[in-house]
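Here is what each chain is made of, one letter per residue.
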Amino acid sequence: MFRRVLIANRGEIAVRLIRACRDLGVSPVAVYSDADRDALHVRLADQAFHIGESPAGSSYLLGDRIIAAARQAGAEAIHPGYGFLSERAWFAQAVNEAGLTFIGPAPASIELMGEKTSARRAAERAGAPIVPGTREPLSSEDEARRVAAAIGYPVMLKAAAGGGGKGMRVVHDDAELSQAFRLAGAEAGAAFGDSAVYLEKNIERPRHIEIQVVADHFGNVIHLGERECSIQRRHQKVIEECPASFNDPDLRERMGAAAISIARAANYQSVGTVEFLVDESRNFYFLEMNTRLQVEHPVTELVTGIDLVREQIRIAAGEPLSIRQEDVRWNGSAIECRVYAEDPDRQFLPSPGRITLLRTPAGPGIRDDSGVYEGWEVPIHYDPMISKLAAWGATREESISRLQRALDEYIVGGIRTTIPFFKRVLTDPDFIAGRIDTGYIARMLADQPPSISREEIERDLDNEELVAAIIAALEHLQASSQVRPQAGDSISKQSQWRLAARQAILSK
Ligand code: MV4
């Protein structure tokens, strides 16, 4: 096992990784930016290295500085967490070339899955079902027209370099195709520096179900079942659960087998997630593979009892899996809410600032993965997720009621959070009945009248401090040209923030 591991991340995930290190007897090393000088992860680590200014492009995205810090600390390995550098093949390569271990898959696996058409080809080689569509980027509008006619409208154009919903465009008929093709290409180029797009049949009202896989360096590949991630707002997950309420052992077994074949086809060695769309007739289709530890990993941990971060670090250290497929059991139900420093009454506008009061819930079945503490100031520069609150129960009813109890106990003063929003979701009859798909949040927000008036929003926008904070966030993010929207929770969340800020400013 490693003696020392550098954690190339911040916030709740850095804290989670530090805990895994402690449990393994490994010494955790933190890195931090100007804004994170007093952050929780810095306080919990054995050593901490300052790596730059507050914008991620001047700190957490600077691979060279992170590798230099690891060398200086005497760390043998680097854990990238999620977002930031976690799915940059060049970084994994640079870490390896520096004689250190990247705690994640091989650079070639990251690259294969990063390009969405090569990922589709790999899934197809593995014998897994893929959404009908192209296996290569489209070379012309003519080709797009031919393929769309062959598979039938509606279709979806997607950025080949994309993922996570960016650069996606539904095309309903032939008349829409020409403009959509040009716009999708332009969007993909602006967002990813690569204008290649490909085409898929549009699956209507899909569920987003992902399978957790774990693979070691000895050819052992297992799956830990699914997570239901359909509840999303603007392509950001907000609630995840394990197992999916609609699932059954047969479908789990088939999706698990498909995910394992895909991981094998990618020569995958680490923890990873294979995303699928499931249609209304319970057909499933490969969507993407995320070659990192995911935000929502705790729900799988709660239900299987397996510590995914521990397994991931052990695998990187060259140890075999500590569990066999036949020993994996799914016990009960777990649900997680992503608690954000955002105001659900003001279109989820970021709400940075000092946390003046913090009472975190506890008690039977409750787990709070937090990156903050009372008295700390939530910076404007990063993903505003402050914690993940998860509940386990013997049944879905029990995990829901425990999560409701925990949300009622949770008190955060000084900033707005999405806690009130989750209280509404958890009492919604559709959620309770498991009637959820990818359109759930949009329908819910459309059905419910805003709880504050237009006048109140206007008054907020007269609050110079708030508007200044939003503008600062905007400028910092734009100035750090390395912050490109990419598949990865932290990064894509930043563009959400930027979008919210822009809307707020424009509407003023
Ligand atoms: C789709 C789709 C329907 N058909 N692909 C959105 C995120 C990205 N990972 C893929 N996404 C989708 N791809 C086809 N062929 C619908 C979505 C989608 C979606 C997927 C999961 C969760 C929420 C979503 C919200 C809107 C669209």
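Residues numbered from 1 in each chain as written. Predicted model: local features only at pLDDT ≥ 70, side-chain atom pairs only at ≥ 80, totals over all residues. Heavy atoms only, no water.

## Re the sheet that holds strand S6 (residues 155–159)
Stage number 1. Read from one edge of the open sheet, three strands run S7-S6-S8, paired in antiparallel fashion. Bordering the open sheet on either side are strand S7 (169–171) and strand S8 (197–201), each of which pairs with just one other strand. Adjacent strand axes in the sheet meet at a mean angle of 30° when their direction is disregarded.
Stage number 2. Bridge count between S6 and S7: three bridges; the pairing is antiparallel. Residue Val-155 lies in a different strand from S7, and its bridge partner there is Val-171.
Stage number 3. Lying over the sheet, helix H6 (residues 116–125) contacts S6 and S8, oriented at roughly 45° with respect to S8.
Stage number 4. Across the sheet, helix H7 (residues 141–151) lies against S6 and S8, angled at about 10° from S8, the strand it touches most. (Pairing = 2+ DSSP bridges. Helix = DSSP H or I, 4+ residues; strand = E, 2+ residues; numbered from the N terminus. Axes fitted to C-alpha atoms, helices over the stretch in contact; angles between N-to-C directions. Contact = heavy atoms within 4.5 Å.)

## Some points on the state of the cysteines
Stage number 1. All chains considered together, the criterion is met by zero disulfides.
Stage number 2. With no disulfide of its own, Cys-229 lies closest to Cys-242 among cysteine sulfurs, the gap being 9.7 Å. (Disulfide = S-S within 2.5 Å.)

## Describing the sheet that holds strand S3 (residues 47–52)
Stage number 1. Here five strands make up an open sheet; going across it, the order is S3-S2-S1-S4-S5 and the pairing parallel. Looking at which strands have only one partner, the edges of the open sheet turn out to be S3 and strand S5 (101–102).

## Some points on the nonpolar core
Stage number 1. Leu-6, Ile-78 and Phe-431 are the most contacted members of the largest nonpolar core, which has 67 residues in total.
Stage number 2. A domain split of this core shows at least three residues from each of domain 1 (4–103) and domain 3 (207–447). (Core = buried A, V, L, I, M, F, W, Y, C linked by side-chain atoms within 4.5 Å. Buried < 20%, exposed > 50% of the residue type's maximum accessible area, 1.4 Å probe, protein only. Domains from an automatic or database assignment.)

## Considerations on the pairing of S8
Stage number 1. The element S8 is largely enclosed, with a buried count of four among its five residues.
Stage number 2. Sheet topology places S6 next to S8; five bridges connect them, and they run antiparallel. Its bridge partner being in S8, Val-155 is matched across the sheet by Lys-201.

## Overview of the confidence of the model for the chain
Stage number 1. On average, the chain scores 91 in pLDDT, and the residues at 70 or more come to 89%.
Stage number 2. Within the chain, the lowest mean pLDDT, 52, falls on helix H18 (residues 489–506), and the highest, 99, falls on strand S4 (residues 77–79).
Stage number 3. In the predicted structure, residues 478–494 sits below a pLDDT of 50 and forms 62 contacts with residues beyond four places in sequence or in another chain. (pLDDT = per-residue confidence, 0-100.)

## Some details on the site of the ligand
Stage number 1. Around the ligand there are 19 residues in total, and Lys-158, Glu-200, Lys-201, Ile-203 and Thr-438 lie nearest to it.
Stage number 2. Glu-200 is positioned such that a nitrogen or oxygen atom in its side chain is 2.8 Å from a nitrogen atom of the ligand.
Stage number 3. One of the backbone nitrogen or oxygen atoms of Ile-203 is found 2.9 Å away from a nitrogen atom of the ligand.
Stage number 4. For the ligand, whose free accessible area comes to 520 Å², the fraction covered by protein is 90%.
Stage number 5. Mapped onto the shell around the ligand, the elements with two or more residues apiece are S6, S8, strand S14 (271–278) and strand S15 (284–290).
Stage number 6. Residues of the shell around the ligand, tallied by class, amount to seven nonpolar, seven polar and five charged. (Near = heavy atom within 4 Å. Polar contact = N/O pair within 3.5 Å; in protein donor to acceptor, adjacent residues only side chain to side chain. Areas by Shrake-Rupley, 256 points an atom, 1.4 Å probe, with all protein chains shown as cover. Nonpolar A, V, L, I, M, F, W, Y, C, P; charged D, E, K, R; others polar.)

## A look at the pattern of salt bridges
Stage number 1. On inspection of all chains with the given rule, the structure shows 41 salt bridges.
Stage number 2. Of the charged contacts in the structure, one is a salt bridge between Arg-314 and Glu-319, with a shortest N-O distance of 3.1 Å.
Stage number 3. The class for Arg-314 is buried, based on a relative accessible area of 15%.
Stage number 4. The class for Glu-319 is partly exposed, based on a relative accessible area of 22%.
Stage number 5. One salt bridge in this structure joins Asp-369 and Arg-367, with 2.7 Å as the shortest N-O distance. Arg-367 matches Asp-369 in its accessibility class, with the two residues each being buried.
Stage number 6. Each of Glu-210, Arg-227, Lys-237, Glu-240, Glu-275, Glu-296 and Arg-338 takes part in one network of salt bridges that share partners. (Salt bridge = Lys/Arg side-chain N within 4 Å of Asp/Glu carboxyl O.)

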